[in-house]
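# Observations on the three-dimensional arrangement
This is what each chain is made of:
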Amino acid sequence: MKKVISFKLNGEDVEAEVEPHWSLLHLLRETFELTGAKEGCGKGECGACTVIVDGKAINSCLFPVMEVEGCEVTTIEGLATLNGNLHPIQESFVANGAVQCGFCTPGMIMSAKALLDENKNPSEDDIRTAIAGNLCRCTGYVQIIEAIKKASERREP
Ligand code: FES
Ligand code: FES
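Residues numbered from 1 in each chain as written. Chains lettered and ligands numbered in written order. Predicted model: local features only at pLDDT ≥ 70, side-chain atom pairs only at ≥ 80, totals over all residues. Heavy atoms only, no water.

### What about the overall build of the chain?
When its secondary structure is counted, the chain shows five helices and five strands. Overall, the chain shows an N-to-C arrangement of helices and strands of β-β-α-β-β-β-α-α-α-α. For 157 residues, the compact-globule formula gives about 15 Å, and the C-alpha radius of gyration of the chain, at 15 Å, lands near that figure. Counting all 157 residues of the chain, 43% fall into the buried class. As displayed, the chain has an accessible area near 8,300 Å², and 49% of this comes from carbon and sulfur atoms. Between the averaged position of the 15 positive side-chain charges in the chain and that of its 23 negative side-chain charges there is a distance of 5 Å. (Helix = DSSP H or I, 4+ residues; strand = E, 2+ residues; numbered from the N terminus. Rg over C-alpha atoms; globule rule 2.2 N^0.38 Å. Buried < 20%, exposed > 50% of the residue type's maximum accessible area, 1.4 Å probe, protein only. Areas by Shrake-Rupley, 256 points an atom, 1.4 Å probe, with all protein chains shown as cover. Lys, Arg positive; Asp, Glu negative; His and termini not counted. Charge placed at Lys NZ, Arg CZ, Asp CG, Glu CD.)

### Considerations on the domain arrangement of the chain
Domain annotation of the chain identifies domain 1 (3–78) and domain 2 (88–155). Computed from C-alpha atoms alone, the centre-to-centre distance between domain 1 and domain 2 is 21 Å. Taken together, the contact between domain 1 and domain 2 spans 17 residues of the former and 13 residues of the latter. Together, the buried faces of domain 1 and domain 2 total about 1,100 Å²; carbon and sulfur atoms form 65% of this surface. Among the residues of domain 1 in contact with domain 2, Thr50, Ile52 and Ile76 are the three that bury the most area, contributing 39% of the side total. Remark: the boundary between domain 1 and domain 2 carries one salt bridge. For Glu118, the salt bridge is made with Lys56, and the minimal N-O distance between the two is 3.1 Å. Where domain 1 meets domain 2, there are five residue pairs in polar contact (both at pLDDT 80 or more). Listed by contribution, the elements that provide at least two residues to the side of domain 1 that touches domain 2 are strand E3 (50–53) and strand E4 (56–59). For the side of domain 1 that touches domain 2, the element with the highest residue contribution is E3, accounting for three residues. (Domains from an automatic or database assignment. Contact = heavy atoms within 4.5 Å. Buried area = accessible area lost by both parts, 1.4 Å probe. Salt bridge = Lys/Arg side-chain N within 4 Å of Asp/Glu carboxyl O. Polar contact = N/O pair within 3.5 Å; in protein donor to acceptor, adjacent residues only side chain to side chain.)

### A short note on the nonpolar core
Counting residues in hydrophobic clusters, the biggest one holds 23 residues, and the most contacted among them are Phe7, Leu24, Leu27, Val51, Val53 and Val73. Among the elements of the structure, strand E1 (3–9), strand E2 (12–18), helix H1 (24–31) and E3 are those that each provide at least two residues to this core. Residues in contact with Val73, not counting those within four places in the same chain, are Phe7, Lys8, Leu9, Asn10, Leu24, Val51, Ile52, Val53 and Val68. Grouped together as the second largest cluster of nonpolar side chains are 22 residues, Ile89, Cys104, Ile109 and Leu115 included. (Core = buried A, V, L, I, M, F, W, Y, C linked by side-chain atoms within 4.5 Å.)

### Quick notes on unusual backbone geometry
If you check the backbone angles, Asn10 has positive phi at about 50° while not being a glycine. Turning to its location among the elements, Asn10 is positioned in the loop between E1 and E2. Of note in the backbone geometry, Glu33 takes a positive phi value of approximately 55° without being a glycine. Structurally, the position occupied by Glu33 is in the loop between H1 and E3.

Have a look at this one:
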């Protein structure tokens, strides 16, 4: 039986009719047509579905939709400004060659954002830990780590 939930999505108050067994990823992609978060493995192993819920990077493929009630959810679509300016982390990924096929990229960037929101000056170890749950089959991670480091330096006053 469908239920109605309310939460904040990329800064806007929203309501949605959901089936209680849905994941947050299903809701984002099928109801809101926000397809930045990807379904890679569907079981918490690849990080392609990463979004931020109440400040924490989570695997939306495993996050039960009923737990979203009252939460603040940010997806990759919420990072660029309305006039199309990329977020500094997105710009840094582009500038540092951290994107190849792009499948992992939204999840990587959301993990990086959750890290940088909490820790403005992360060490390489901090960065590696933050993206430990995000798999990339293309870049070898070096450019991704570099991009996150450079983004953190840019965000310093
Ligand atoms: S699709 Fe969610 S962790 Fe792989
Ligand atoms: S850029 Fe292809 S999986 Fe990461």
